[in-house]
Amino acid sequence: PNFSQWGNRPRAVNLYELYRSRSLGRYFQEVGLKICVDVTWPWGDLEYQEKFVLNSLPKNIPLISMEVQTESELLVDKLAIQQYQKVFDVVEPQGAIIYAGKPGREWFEKNIVPGCPVKIIGTRNEKLGERAKQKQAKTTI
């Protein structure tokens, strides 16, 4: 379950979204579903990330997922490297799924040492662009 947390929201709202995510994930586990824990936090809030997000996860969790934003600001921000790397260093997941466009993929591969197998999944817009190109190639003489 994913309930986004944003840096421009009050901390109480972000804590509520984190609680909803963890509670639903726990419920899904109790009824026998395997889950992939979505690791998200309000951008730039290092204290929140460590105290509430990372400390609420067990070490060596089977699978996590994260989104790597593709805004140009993130891709040059040293804080981004610190925050993403910290997830892998603290949680030590057995595997990860990363949702990212091409710039995010390249940034992740260049800057982050996950220490576990990682599957990077392209964005919806990327997939739609590929389908449009394929459709155009079929209709072009």
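Here the structure is a predicted model, which means the values were calculated and not measured. Here the residue numbering is sequential within each chain, running from 1 through the sequence in written order. Totals for whole chains, interfaces and linings use all residues, but because this is a predicted model, local features are given only for residues with pLDDT of at least 70 and pairs of side-chain atoms are given and counted only at 80 or more. The basis for every side-chain value is the complete set of heavy atoms in the structure, and neither hydrogens nor water enter the calculation.

This part covers the overall build of the chain. Each helix and strand in the chain was counted, giving six helices and four strands. Starting at the N terminus, the α and β elements of the chain follow one another as α-β-α-β-α-α-β-α-β-α. Whether a residue is buried, partly exposed or exposed follows from its accessible area with a 1.4 Å probe, protein chains only, as a fraction of its type maximum: under 20%, in between, or over 50%, in that order. Across the 141 residues of the chain, 32% fall into the buried class. Residue contacts are counted whenever heavy atoms from the two residues lie within 4.5 Å of one another. Considering only residue pairs separated by 6 or more positions, the chain has 64% of its internal contacts joining residues 24 or more positions apart. Accessible areas in this description were obtained via Shrake-Rupley with a 1.4 Å probe; residue shielding takes into account the shown protein chains only. Accessible surface for the chain amounts to roughly 9100 Å². Of this, 54% is attributable to carbon and sulfur atoms. Only DSSP runs of H or I covering at least 4 residues are called helices, and only runs of E covering at least 2 are called strands; the numbering of each starts at the N terminus.

Working definition: a ring pair exists when centres of Phe, Tyr or Trp rings (six-membered ring for Trp) sit within 6.5 Å. Plane angles under 30 degrees give stacked, over 60 give edge-to-face, the rest tilted. Counted according to the given criterion, the structure contains six aromatic pairs. In this structure an aromatic cluster arises from ring pairing among Trp41, Trp43, Tyr84 and Trp107.

We now examine the pairing of strand S4 (residues 118–121). Note: two strands are recorded as paired if DSSP finds a minimum of 2 bridges between them. Pairing of strand S3 (residues 96–100) with S4, which is carried by four bridges, proceeds in the parallel orientation. By the bridge assignment, Ile97 is partnered in S4 with Lys119. We call a crossover right-handed when, viewed with the strands running away from us, the connection from the first strand over the helix to the second turns clockwise. The parallel pair S3 and S4 is bridged by helix H5 (residues 102–111), and the resulting crossover is right-handed.

So, on to the nonpolar core. Grouped together as the largest cluster of nonpolar side chains are 24 residues, with contacts concentrated most on Val39, Trp41, Ile64, Met66, Phe88 and Ile98. No other element matches the five residues that helix H4 (residues 78–91) contributes to this core. Look past the residues within four positions of Ile64 in its chain and what remains in contact with it is Cys36, Val37, Val39, Val87, Phe88, Pro93, Gly95, Ala96 and Ile97. Side-chain atoms within 4.5 Å link the members of a nonpolar core, which is a set of buried Ala, Val, Leu, Ile, Met, Phe, Trp, Tyr and Cys residues.

All right, on to the sheet that holds strand S2 (residues 64–68) then. The parallel open sheet is built from four strands, whose spatial order is S1-S2-S3-S4. Pairing within the sheet leaves two strands with one partner each, and these edge strands are strand S1 (37–38) and S4. By the bridge criterion, five bridges tie S2 to S3 in an arrangement that is parallel. Across the sheet, residue Glu67 finds its bridge partner in S3, namely Tyr99.

Given the number of residues in a helix, its expected span is that number minus one, multiplied by 1.5 Å. Taking 1.5 Å as the rise per residue, H4 with 14 residues should run 20 Å; its terminal C-alpha atoms sit 20 Å apart, in good agreement. Within the sequence span of H4, burial applies to Ala80, Gln83, Tyr84, Gln85, Val87, Phe88 and Val91. Positive backbone phi, at 50 degrees, marks Glu92, one or two positions downstream of H4.

Right, let's get into unusual backbone geometry. The general pattern is negative phi for most residues beyond glycine and trans for most peptide bonds. The backbone of Asn60 shows a phi angle near 60 degrees, a positive value even though the residue is not glycine. Note that Asn60 resides in the loop between helix H2 (46–53) and S2. Despite not being glycine, Glu92 shows a phi value in the positive range, around 50 degrees. According to the relative accessible area criterion, Glu92 is partly exposed, its value standing at 40%.

Think of a salt bridge as a Lys or Arg side-chain nitrogen and an Asp or Glu carboxyl oxygen that are within 4 Å of each other. Within the structure shown, the criterion is met by eight salt bridges. Among the salt bridges present, the one from Arg20 reaches Glu17, with a minimum N-O distance of 2.9 Å. Highlighted residues: Arg20 and Glu17, both in helix H1 (residues 11–30), separated by three residues, approximately one helical turn. Residue Arg20 is classed as partly exposed on the basis of its relative accessible area, which comes to 28%. A relative accessible area of 11% places Glu17 in the buried class. In this structure, Glu50 engages Lys86 in a salt bridge whose closest nitrogen and oxygen atoms are separated by 2.7 Å. With Glu50 in helix H2 and Lys86 in helix H4, the pair connects residues that are 36 residues apart, well separated along the chain. A residue is classified by how much of its surface remains accessible, and Glu50, at 38% relative accessible area, is partly exposed. The class for Lys86 is partly exposed, based on a relative accessible area of 22%. The network of salt bridges with common partners includes Arg9, Glu17 and Arg20.

What is shown is where atoms sit, not what they do.
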